[in-house]
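So you can see what is in the structure, the chains are spelled out below.
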Amino acid sequence: MSLSEKSCTPCRGGIDPMTRQEAERYLRDVPGWELSDDATRIRRSFKFKNFAAAQAFVNQVGELAEQEQHHPEISFGWGHAEVEIWTHAIGGLHENDFILAAKINEAT
Ligand SMILES: C[C@H](O)[C@H](O)[C@H]1CNC2=NC(N)=NC(=O)C2=N1
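Residues numbered from 1 in each chain as written. Predicted model: local features only at pLDDT ≥ 70, side-chain atom pairs only at ≥ 80, totals over all residues.

A. A look at the site of the ligand. Contacts to the ligand come from Pro10, Cys11, Gln69, His70, His71, Ile85, Thr87, His88 and Ala89. Looking at the shell around the ligand, its residues break down into 4 nonpolar, 5 polar and no charged. (Near = placed C-beta within 6 Å. Nonpolar A, V, L, I, M, F, W, Y, C, P; charged D, E, K, R; others polar.)

B. Representation of unusual backbone geometry within the structure. In the Ramachandran plot, Ala39 falls in the positive-phi region, its phi being about 60 degrees despite a non-glycine side chain. Tracing the sequence through the fold places Ala39 in the loop between strand 1 (34–35) and strand 2 (42–47). What makes Ala39 partly exposed here is the crowd of 17 C-beta atoms within 10 Å. One non-glycine residue, Gln69, lies in positive phi territory at about 50 degrees. (Helix = DSSP H or I, 4+ residues; strand = E, 2+ residues; numbered from the N terminus. Buried ≥ 20, exposed ≤ 12 C-beta atoms within 10 Å, placed from the backbone.)

C. Inspection of the nonpolar core at higher detail. Ranked by internal contacts, the top residues of the largest apolar core, which has 22 residues, are Ile85, Phe98, Leu100 and Ala101. What Ile85 contacts, discounting residues up to four positions off in sequence, is Arg41, Ile42, Pro72, Asp97, Leu100 and Ala101. (Core = buried A, V, L, I, M, F, W, Y, C linked by C-beta atoms within 7 Å. Contact = placed C-beta atoms within 7 Å.)

D. Spatial organisation of the environment of Gly91. Tracing the sequence through the fold places Gly91 in the loop between strand 4 (80–85) and helix 3 (95–107). Separated by 75 residues in the primary sequence, Gly91 and Asp16 have C-alpha atoms spaced 8.7 Å apart. The contacts of Gly91, once residues within four sequence positions are left out, are Pro17 and Thr40.

E. Structural detail: helix 2 (residues 51–68). Relative to the 26 Å expected for 18 residues at 1.5 Å per residue, helix 2 spans 26 Å between its end C-alpha atoms, a close match to the ideal helical length. Within helix 2, burial applies to Ala54, Phe57 and Val61. Projected onto a plane normal to the axis of helix 2, the buried residues spread over an arc of 60 degrees and lie on a single side. Across from the buried face of helix 2, at angles greater than 90 degrees, the exposed residues are Ala52, Ala56, Asn59, Glu63, Glu66 and Gln67. Immediately beyond the C-terminal end of helix 2, within one or two residues, lies Gln69, with a positive phi of roughly 50 degrees. (Expected span 1.5 Å × (residues − 1). Arc of directions from axis to C-beta.)

The following block contains the structure:
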């Protein structure tokens, strides 16, 4: 099953975050996303033709996040948005983060 076909699972904490090595393997399935220096987050920048298009994207990502009950940090402005995802409960990366990233990629 591809990542975008999966759904985020509730993550209560108490488990270890992914290692950098595991994260690098998952990254291959989400083109455009990069790993933070400390390997605890993934992020991607998006470009748009104007403010309204960036705002529409943010709303779409917000809908996805609510469906999945997994929520990214997003900042945006005229023609751009930056999305960052990690699993707060474990202070690092979980498969859920990559599932959301794959769904965001599909939506763009
Ligand atoms: C109870 C609920 O599932 C949790 O609080 C979720 C909500 N959304 C979340 N989103 C992200 N990115 N990380 C989390 O750990 C997280 N926890």
